[in-house]
Amino acid sequence: MRVVFDTNSLLSLVRYYLPFDEKEVLFQFIKLKIENGEIIIDKILDKCNYISKGVVLNKMPFLVDKVFSKKARIPYKTEDLLIPNTRHFFIN
């Protein structure tokens, strides 16, 4: 299963969960899932620069690391994940 994170999810993760992650178990888990492609990060990284003074990227610096980004294919192109025309899925 793949999960697409949004800006608010990352912000909540950084604000409410990572401060209690003293042994970095959650941090390493999220990093591994992003690296494996199970958690998808798309263009929200641009937004993360401006939200709460960039706290997401400060707390999760691997998201802007060029080597990690290339390996994990960040930002992921999510255009293909969305249905282009939803009318085809509804019965008239």
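That block above? That's the structure.
Residues numbered from 1 in each chain as written. Predicted model: local features only at pLDDT ≥ 70, side-chain atom pairs only at ≥ 80, totals over all residues. Heavy atoms only, no water.

Draft legend 1. Expanded view of the overall build of the protein chain. Within the protein chain, the regular secondary structure consists of 5 helices and 2 strands. For the protein chain, the succession of helices and strands along the chain, N to C, is β-α-α-β-α-α-α. Taken over 92 residues, the protein chain has a buried fraction of 35%. Summarising the internal contacts of the protein chain: among those between residues at least 6 apart in sequence, 71% fall at separations of at least 24. As displayed, the protein chain has an accessible area near 7200 Å², and 56% of this comes from carbon and sulfur atoms. (Helix = DSSP H or I, 4+ residues; strand = E, 2+ residues; numbered from the N terminus. Buried < 20%, exposed > 50% of the residue type's maximum accessible area, 1.4 Å probe, protein only. Contact = heavy atoms within 4.5 Å. Areas by Shrake-Rupley, 256 points an atom, 1.4 Å probe, with all protein chains shown as cover.)

Draft legend 2. The packing of aromatic side chains, seen in detail. For the structure shown, the criterion picks out 2 aromatic pairs. Each ring, one from F27 and one from F62, has its centre 5.3 Å from the other, and the planes form 80°; the classification is edge-to-face. Of this pair, F27 sits in helix 2 (residues 25-36) while F62 sits in the loop between helix 4 (55-59) and helix 5 (66-72), placing them 35 residues apart in sequence. The exposure classification of F27 matches that of F62, with both residues buried. For the ring pair F62 and F68, a centre distance of 5.0 Å and an interplane angle of 75° mean the geometry is edge-to-face. Grouping residues by exposure puts F62 and F68 together as buried. Ring pairing ties together the aromatic residues F27, F62 and F68, which thus form one cluster. (Phe/Tyr/Trp six-rings, centres within 6.5 Å; stacked < 30°, edge-to-face > 60°.)

Draft legend 3. Up close: the side chain of S69. By secondary structure assignment, the location of S69 is in helix 5. Among the residues examined, S69 registers a relative accessible area of 12% and is labelled buried. Residues within four places of S69 in sequence aside, it is in contact with F62, L63, V64 and I74.

Draft legend 4. Highlighting the environment of K43. In this fold, K43 is placed in the loop between strand 2 (39-40) and helix 3 (44-48). Spatially, the C-alpha atom of K43 lies 9.5 Å from that of T7, the residues being 36 residues apart in sequence.

Draft legend 5. Quick look at the environment of N58. Along the chain, N58 falls in helix 4. Residue N58 is classed as exposed on the basis of its relative accessible area of 57%.

Draft legend 6. Highlighting the pattern of salt bridges. Applying the stated criterion across every chain yields a total of 2 salt bridges. Notably, a salt bridge pairs E38 with K33, separated by 3.1 Å at the nearest N-O pair. Judged by its relative accessible area of 30%, E38 falls in the partly exposed class. We note a salt bridge from E35 to K71, for which the minimum N-O separation is 2.8 Å. Of this pair, E35 sits in helix 2 while K71 is found in helix 5, placing the two residues 36 residues apart along the sequence. (Salt bridge = Lys/Arg side-chain N within 4 Å of Asp/Glu carboxyl O.)

None of this, on its own, says anything about what the molecule does.
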